[in-house]
2 protein chains.
Amino acid sequence: MSSEHSHSHHMPATKPVKRNGLTKGAQVVLDALEQVKELASAQDIYGRLRQGADKAPGLTTVYRSLESLVAMGYVQSVDLGDGEKRYEVVNPGEHHHHLICDKCGESNHLDLCMVEEFEEAIRAKYGFQIKSHVLEIFGVCSRCHGHSKKI
Amino acid sequence: MSSEHSHSHHMPATKPVKRNGLTKGAQVVLDALEQVKELASAQDIYGRLRQGADKAPGLTTVYRSLESLVAMGYVQSVDLGDGEKRYEVVNPGEHHHHLICDKCGESNHLDLCMVEEFEEAIRAKYGFQIKSHVLEIFGVCSRCHGHSKKI
DNA sequence: CTCTATGCAAATAATTTGCAAGCAC
DNA sequence: GTGCTTGCAAATTATTTGCATAGAG
């Protein structure tokens, strides 16, 4: 599997927005994800659900729910480069990128998408029609400037 | 492991450039990677080396070599979002992003880095000091426009 | 000789899949 | 009843690690 790549987690330039029709599991997962303000992985959500309720969905269901939530545009998947994908609730059809602090780990949303800014230029120059993209930025946030704390 | 992220594969805004001092394994891996013009995964390189020579480095060595090559700035790691990281030789200290075609799988280099373009604006607006970033763009390349071929 | 590089096998860990049972309509 | 949803366990797969040996300086 070396010439294949999945796109479910990318951020389409435009996104089809469907409404509702969530399975019970997906609803529970979405609720949980809505409560977490931070990015959460499938395992995070699973663990979190395990604690809260006695009748929590299984790990498989969490994975499958996230998959469909992403497909429906309710959730955005974020790849930080470690082996674990994170998820975050978004307004259907929207997406955003993150400024992730190397020191404290906090992530803030970027309010603009540079790729969209360059989309037309790229089509003009390369004849390339953008469908989706991945963009995450790492560095040091304002609160951590000058600090020497390690996570 | 939910609040941790590795950065070895990101593209620093500035990069320290050291010279040579490669282990035998790293040299072999670098050579192999130089011959492949496409992005190649550790497993790709391993398989490729297995074929060519009788005395090819083991998989572990390939992984370790890639790791050090990336650290030295000779190689860039690219995350396409499937579980498999790809690697590519770069001029030491440089980096670039890709336009990856969903249809034919080919990847072309972008000749500009949007993140660098916005680096100062982001520092000004968010007080965020960028250290590295991930950016890959997916879509349809010019050659595949109008075609309906699936990979 | 001493330290680093290497290889193999075993361990990790996230995610996926097969399959049987449960639930919805 | 029929089909989608769920759960558990087993399988997959990339990557990492332990440890003992080979090689370089």
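Residues numbered from 1 in each chain as written. Chains lettered and ligands numbered in written order. Predicted model: local features only at pLDDT ≥ 70, side-chain atom pairs only at ≥ 80, totals over all residues. Heavy atoms only, no water.

1. With respect to the protein's contact with DNA strand D
Consideration 1: Around DNA strand D sit 18 residues, and of these Gly25(A), Gly58(A), Thr61(A), Arg64(A) and Tyr63(B) come closest.
Consideration 2: When atoms of DNA strand D within 4 Å of the protein are sorted by moiety, sugar and phosphate together comprise 60%.
Consideration 3: One of the side-chain N or O atoms of Thr23(A) is found 3.3 Å from a phosphate oxygen in DNA strand D.
Consideration 4: Residue Lys85(B) places a main-chain N or O atom 3.1 Å away from a phosphate oxygen belonging to DNA strand D.
Consideration 5: When grouped by side-chain class, the residues that make up the surface near DNA strand D number five nonpolar, eight polar and five charged. (Near = heavy atom within 4 Å. Polar contact = N/O pair within 3.5 Å; in protein donor to acceptor, adjacent residues only side chain to side chain. Nonpolar A, V, L, I, M, F, W, Y, C, P; charged D, E, K, R; others polar.)

2. Points about the pattern of salt bridges
Consideration 1: A complete count under the given rule lists eight salt bridges over all chains for this structure.
Consideration 2: As a salt-bridge pair, Lys125(B) and Asp111(A) come within 2.5 Å of each other at their nearest N and O atoms. You can see Lys125(B) sitting in helix α4 (residues 114-126) and its partner Asp111(A) sitting in the loop between β5 (107-109) and α4 (114-126), one on each of two chains.
Consideration 3: The class of Lys125(B) is exposed, set by a relative accessible area of 55%.
Consideration 4: Salt-bridge contacts for Arg123(B) lead to Glu120(B); the nearest nitrogen and oxygen are separated by 2.7 Å. With a gap of three residues between them, Arg123(B) and Glu120(B) both fall in helix α4, about one helical turn apart.
Consideration 5: Looking at Arg123(B), the relative accessible area reads 35%, which means it is partly exposed.
Consideration 6: On the basis of relative accessible area, Glu120(B) is assigned to the partly exposed category, the value being 46%.
Consideration 7: The structure contains a network of salt bridges with shared partners spanning Asp82(A), Glu84(A) and Arg86(A). (Salt bridge = Lys/Arg side-chain N within 4 Å of Asp/Glu carboxyl O. Helix = DSSP H or I, 4+ residues; strand = E, 2+ residues; numbered from the N terminus. Buried < 20%, exposed > 50% of the residue type's maximum accessible area, 1.4 Å probe, protein only.)

3. Notes on the interface of chain B and chain A
Consideration 1: If you look at the interface, chain B gives 51 residues, while chain A gives 50 residues.
Consideration 2: Note on chain B versus chain A: buried area summed over both sides is about 4,200 Å², and carbon and sulfur give 59% of it.
Consideration 3: Summed over the shared surface of chain B and chain A, the result is two salt bridges.
Consideration 4: For the pair chain B and chain A, the number of links is 16 residue pairs in polar contact (both at pLDDT 80 or more).
Consideration 5: At the level of elements, β3 (85-89), β4 (98-101), α4 and β6 (129-140) of chain B are the ones that each hand at least two residues to the side of chain B that touches chain A.
Consideration 6: Residue classes in the side of chain B that touches chain A are distributed as 21 nonpolar, 17 polar and 13 charged.
Consideration 7: Judged from the 11 bridges that link them, strand β6 (residues 129-140) of chain A and β6(B) form a sheet pairing that is antiparallel. Considered in β6(B), the bridge of Ile130(A) is made with Gly139(B). (Contact = heavy atoms within 4.5 Å. Buried area = accessible area lost by both parts, 1.4 Å probe. Pairing = 2+ DSSP bridges.)

Purely geometric stuff here, so don't read any function into it on its own.
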